[in-house]
Amino acid sequence: HQGHPYGEAKEMLGAAHKLPVALTAAVLGLGYWTFTLNVLLTVVNSQGAGRREDGYVVKFLFMGAAGLFLGTVQGVYQVLPWSVDWLHRAGEAGRLIDPAAHAHINLVGGVAMAIAGFVYYFLPRVTGRPIYSRRLADVSFYITTVGVLAFWLGLIVLAFVEGNMIIDQGIDFQEAKDRVGIWHSLVFGGSGALMGVG
């Protein structure tokens, strides 16, 4: 309201800005990480417990927890003061990390995979019929997992490469993209297509 840009306003607030952001991010992270650890230990401890008809669902639920874990680790890191500063200085390239990569690992890698697991578990119980093809479920799992991880990592790498060009060389986002060339489009198109097919 007083006309200060974000970075200046944040600096004016000092610890009153940084401390609550860091503390709440850490508490949120610990909650998610405890959940993820519990899921991982449940999966590990169930390895010798016999084969269930719907045991294939476990990998969807595990990937859902893993996606949320990766997203929350990234989320905690990107609210650290030096990370926030870099993201803002990198401009459009910084937005490849937050929100794009962050949202996709959380929503596709976490939420969508967990929902797929829930559907595969509950649909046979509701309809009274088994899943049409477990092989299609497996193919969907592997393609989506590869796609979302490639998209997430690809966007982070692109952001660092292009963002550092913007910061170090004083160029704009379009010029940074042009210098990266076809790789920028391949990351979006290739890994995005894999997620979609999955």
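That block above? That's the structure.
No experiment lies behind these values; they were computed from the predicted model shown.

Let us now look at helix H8 (residues 182-197). Residue pairs three or four apart in sequence face the same way in an α-helix, which turns once every 3.6 residues. The first and last C-alpha atoms of H8 sit 22 Å apart over 16 residues, in line with the 22 Å expected at 1.5 Å per residue. Within the sequence span of H8, burial applies to His184, Val187, Ser191 and Met195. When H8 is viewed along its axis, its buried side chains cluster within an angular range of 80° and face the same direction. Every exposed residue of H8 that faces more than 90 degrees away from the buried side is listed here: Ile182, Gly196 and Val197.

The N-to-C vectors of helix H2 (residues 15-45) and helix H3 (residues 57-78) enclose an angle of 155°; their axes lie 9 Å apart at closest approach. Of the possible angle classes, the one that applies to H2 and H3 is roughly antiparallel. The handedness of the crossing between H2 and H3 comes out as left-handed. Contacts between H2 and H3 involve Ala25, Gly29, Tyr32, Trp33, Phe35, Thr36, Val39, Leu40 and Val43 from the first element and Val58, Phe62, Ala65, Leu68, Phe69, Thr72, Val73 and Val76 from the second. A class-by-class count of the residues in the contact of H2 with H3 yields 14 nonpolar, 3 polar and no charged.

Turning to the nonpolar core, a few remarks are in order. Taken as a class, soluble globular proteins show a tendency for nonpolar side chains to be buried jointly. Counting 34 residues, the largest nonpolar core has Phe60 and Leu155 as the members making the most contacts within it. A total of 11 residues in this core trace back to one element, the largest contributor, which is helix H6 (residues 134-169). If near-sequence neighbours (up to four positions away) are discounted, Phe60 is found in contact with Met113, Ala114, Ala116, Gly117, Tyr120, Ala137 and Phe141.

Assignment of secondary structure puts Ile171 in the loop between H6 and helix H7 (173-180). According to the relative accessible area criterion, Ile171 is buried, its value standing at 11%. Apart from the residues lying within four places of it in its own chain, the contact partners of Ile171 are Met165, Ile166, Ala176 and Arg179.

Position of His184 among the secondary structure elements: in helix H8. For His184, a relative accessible area of 9% corresponds to the buried category. Setting aside residues up to four positions removed in sequence, His184 forms contacts with Leu96, Leu158, Glu162, Phe173 and Lys177.

This next bit is on the packing of aromatic side chains. For any pair of aromatic rings, the description consists of the separation of the ring centres together with the inter-plane angle of the planes. On inspection of all chains with the given rule, the structure shows 8 aromatic pairs. Ring geometry for Tyr121 versus Phe122: centroids 5.0 Å apart, planes at 90°, classification edge-to-face. For the pair Phe141 and Tyr142, a centre-to-centre distance of 5.0 Å together with 80° between the ring planes defines the contact as edge-to-face. For Phe141, a relative accessible area of 8% translates into the label buried.

Rules used throughout
Residues numbered from 1 in each chain as written. Predicted model: local features only at pLDDT ≥ 70, side-chain atom pairs only at ≥ 80, totals over all residues. Heavy atoms only, no water. Helix = DSSP H or I, 4+ residues; strand = E, 2+ residues; numbered from the N terminus. Expected span 1.5 Å × (residues − 1). Buried < 20%, exposed > 50% of the residue type's maximum accessible area, 1.4 Å probe, protein only. Arc of directions from axis to C-beta. Axes fitted to C-alpha atoms, helices over the stretch in contact; angles between N-to-C directions. Parallel < 35°, antiparallel > 145°, perpendicular 65-115°, else oblique. Left-handed = near helix turned anticlockwise from the far one by under 90°. Contact = heavy atoms within 4.5 Å. Nonpolar A, V, L, I, M, F, W, Y, C, P; charged D, E, K, R; others polar. Core = buried A, V, L, I, M, F, W, Y, C linked by side-chain atoms within 4.5 Å. Phe/Tyr/Trp six-rings, centres within 6.5 Å; stacked < 30°, edge-to-face > 60°.

Any functional reading would require information beyond the geometric quantities listed.
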